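# Fold and geometry: a report
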Amino acid sequence: MANLASQTDSSLMILVLAAGMGTRMKSKHPKVMHAIGSKPMVGHVIDLGVSLGAETCSVVVGPDMEQVKDVARSHFSETELFVQHDRLGTAHAVLSAKEALEKHDGFVLVLYGDTPLLTTDALNGLYAELKNGAHVGVLGFEADDPTGYGRLLVDDEGQLVAIREQKDASPEELAVTFCNSGVMGFRTEHMLSLLDQVGNDNANGEYYLTDVIELARRQGLKTVATLCSEQDVLGVNDRVQLSEAERIFQNRKREEVQRNGATLIAPETVFFSADTEIGKDVIIEPNVVFGPNVVVGDDVQIYSHSHIEGAVIEARSKIGPFARLRPGAEIGEGCKVGNFVEVKKASVSKGAKINHLTYVGDAEIGADANIGAGTITCNYDGFNKHITKIGANCFIGSNSSLVAPVTIADGAFIGSGSVITDNVPTDALALTRAEKKVYEQWAARFRKSQQRLKARKAATDT
Ligand code: UD1
Ligand code: MG
């Protein structure tokens, strides 16, 4: 027994049940593909397994759920997928992955793909019991309203003796509020033999995974129930529950970000993705949205109404208000990206300023460059995208169009209102303006003639 923990720490398998059709989602996508914090629910569940140190991951899907495969593999490259053709119950679903279970030696945690809010703390409690010698365990919670859940039945010593499904429960059993979350854990040595004994003689005619508790007890095996919060095991069956799970997820993430040292002035108005990373002493004003894949360094300020996805923002930069950073935006240290500026697939080096009304796409901007208001990198010719390079210390005058591919070398100036179609050398001034023409007193004459015409028209109309 002394070696148990070390031997078994490296032999955890997670088995994710995701064959449910999710008809109540009214969607063409499998239920587990719907996202919480921009991450598909099945991804949340697999990541949880990874954070517990799972070595193996199997996902049971329904027919025609090819999409789930790629997502599952992107979270755990070795994920094995099994198709459950007929949906005959949770025990039957687990047995769809029999091939993986036969190969595995150690522990198995069975998770549902539509339960994205589960935490490592909750799972660790159950996992620890298995490591301490329990053969089968279940994660339970006290339900506000237990209707529909399997009830966890415990004996006088508090030992779990059975799980009773709603439809098969007696009136006394229905009064029990300690419920099955659906998460179950096993030591593999007895798992398959227990599953093989599960029948379908119940109100639903299904093979219930939950029956293994009574079967295990009958064999003298140790069964346990550990406790988690009802919120942790919220299952998503429709879009209303999806938004409820999103709400809980966002609140947790806002709290985490604040506890890690960032200020959110109005946290309830800031939306994160599951993978958003925010540094210390970052200040985020109200109404900011973080799409997937954003990393924000220390001391950054993000002003109101900014939308940021696929971007890296290095220390001390200031973003917004009303800035849009799209995938591939790499904002270096101490930069300014101001109001109504859009940056896509562009690196902006240390100290550069793009303060107003600008589009920077497919570009490289050198250190301390100043990009004037209304500058546009014309990156697309209707067929292909081209690169704009702006060197260090360049000054791009307002309302300039830089027609890519084009390079403005270090230190060059571009006069306001220019359309630059080819390269500009180091420290040069380039400008493309039509010559100014001045017609003295033209405006005064024009005004007078228009007023006369208007007065004449008014006289004839009356
Ligand atoms: C199950 C539990 C119940 C628990 C509840 C928690 C059983 C018999 N009952 O009931 O004790 O309180 O979850 O939400 O296990 N699935 C498959 N293939 C199947 C059947 C189900 O993959 O053949 C998957 C579903 O996609 C879902 C999960 O297993 O992710 C649970 O199935 P569901 O039908 O929702 O079970 P419940 O009746 O809610
Ligand atoms: Mg259910």
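The structure this text deals with has already been given above.
Residues numbered from 1 in each chain as written. Chains lettered and ligands numbered in written order. Predicted model: local features only at pLDDT ≥ 70, side-chain atom pairs only at ≥ 80, totals over all residues. Heavy atoms only, no water.

## Observations regarding the nonpolar core
Rules: Residues belong to a common nonpolar core when they are buried Ala, Val, Leu, Ile, Met, Phe, Trp, Tyr or Cys residues joined through side-chain atoms within 4.5 Å. Only protein chains enter the area calculation, which uses a 1.4 Å probe; residues under 20% of their type maximum are buried, those over 50% are exposed, and those in between are partly exposed. Every helix listed is a DSSP run of H or I at least four residues long, and every strand listed is a run of E at least two residues long, numbered separately from the N terminus. Pairs of residues are marked as contacts when any of their non-hydrogen atoms sit within 4.5 Å.
Counting residues in each nonpolar core, the largest one holds 46 residues, and the members touching the most others are Phe290, Leu325, Val343 and Ile408. Those elements that place two or more of their residues in this core are strand 19 (311–313), strand 22 (329–331), strand 23 (336–348), strand 24 (353–365) and strand 30 (406–408). Per-element tally for this core: the top contributor is strand 23, with five residues. Ignoring anything within four residues of it in the chain, the contact list for Val343 reads Arg324, Leu325, Arg326, Ala329, Ile331, Val337, Val348 and Val360. Grouped together as the second largest cluster of nonpolar side chains are 39 residues, Ala54, Phe76, Ala122 and Ala143 included.

## Some points on the packing of helix 2 (residues 41–51) against helix 3 (residues 66–75)
The test is simple: Orientation is described by lines fitted to C-alpha atoms, with helices fitted over the stretch in contact, and by angles between N-to-C directions that extend from 0 to 180 degrees. What sets the label is the angle itself: under 35 degrees gives roughly parallel, over 145 gives roughly antiparallel, 65 to 115 gives roughly perpendicular, and the rest give oblique. Helix crossings fall into two classes, left-handed where the near helix is turned counterclockwise from the far one by less than a right angle and right-handed where it is turned clockwise. Think of it as three bins: nonpolar holds Ala, Val, Leu, Ile, Met, Phe, Trp, Tyr, Cys and Pro, charged holds Asp, Glu, Lys and Arg, and polar takes everything else, Gly as well.
Following both chains from N to C, one finds helix 2 and helix 3 inclined at 30°, their axes separated by 9 Å at the closest point. Accordingly, the angle class assigned to the pair helix 2 and helix 3 is roughly parallel. Both helix 2 and helix 3 take part in a crossing whose hand is right-handed. Seen from helix 2, the contacting residues are Val42, Gly43, Ile46, Asp47 and Val50; seen from helix 3, they are Val68, Val71, Ala72 and His75. Across the contact of helix 2 with helix 3, the residue classes tally to six nonpolar, two polar and one charged.

## What about the site of ligand 1?
We count it as follows: Each residue is tested against the molecule or strand, and it is near if at least one of its non-hydrogen atoms lies within 4 Å. Identification of polar contacts relies on pairs of N or O atoms within 3.5 Å, with a donor-acceptor requirement for protein atoms, meaning one able to donate a hydrogen and the other able to accept it, and with residues adjacent in sequence counted only if both atoms are side-chain atoms. Per-residue and other accessible areas were derived by the Shrake-Rupley procedure at a 1.4 Å probe size, with only the shown protein chains allowed to occlude residues.
The immediate surroundings of ligand 1 are formed by 19 residues, with Gly20, Gln84, Thr90, Glu165 and Asn180 found nearest. Taking Gly20, its main chain carries an N or O atom lying 2.8 Å from an oxygen atom of ligand 1. The separation between an oxygen atom of ligand 1 and a polar main-chain atom of Leu88 is 3.4 Å. If ligand 1 stood free it would expose 750 Å²; the protein chains cover 83% of that surface. Contributions of two or more residues to the shell around ligand 1 are made by strand 1 (12–18), helix 4 (90–95) and strand 10 (178–187).

## As for the environment of Val50
Structurally, the position occupied by Val50 is in helix 2. Residue class for Val50 comes out partly exposed when judged on its relative accessible area of 36%. The sequence separation of Val50 and Asn251 amounts to 201 residues, and the corresponding C-alpha distance is 23 Å. Every residue in contact with Val50, bar those within four places of it in the chain, is listed here: His75 and Phe76.

## Notes on helix 3
Since the α-helix turns once every 3.6 residues, residues separated by three or four places project in the same direction. The cut-off we apply is this: Relevant arc is that of directions from the helix axis to the C-beta atoms, nothing else.
Within the span of helix 3, buried status applies to Val68, Val71 and Ala72. Down the axis, helix 3 shows its buried residues gathered within 100° of arc, on one side only. Exposed residues lying more than 90 degrees from the buried face of helix 3 are Glu66, Asp70 and Ser74. Tucked into the core, helix 3 has its buried residues touching strand 3 (39–40), helix 2, strand 4 (56–61) and strand 5 (80–83).

## Focus on the side chain of Gln84
With respect to the element layout, Gln84 can be found in the loop between strand 5 and helix 4. Gln84 sits in the buried class, given a relative accessible area of 4%. A polar contact is formed between the side chain of Gln84 and the backbone oxygen of Asp86, at a distance of 3.4 Å. Here Gln84 is in contact with Ala19, Val60, Val61, Gly62, Pro63, Gly89, His92, Ala93 and Ser96, once residues within four sequence places are set aside.

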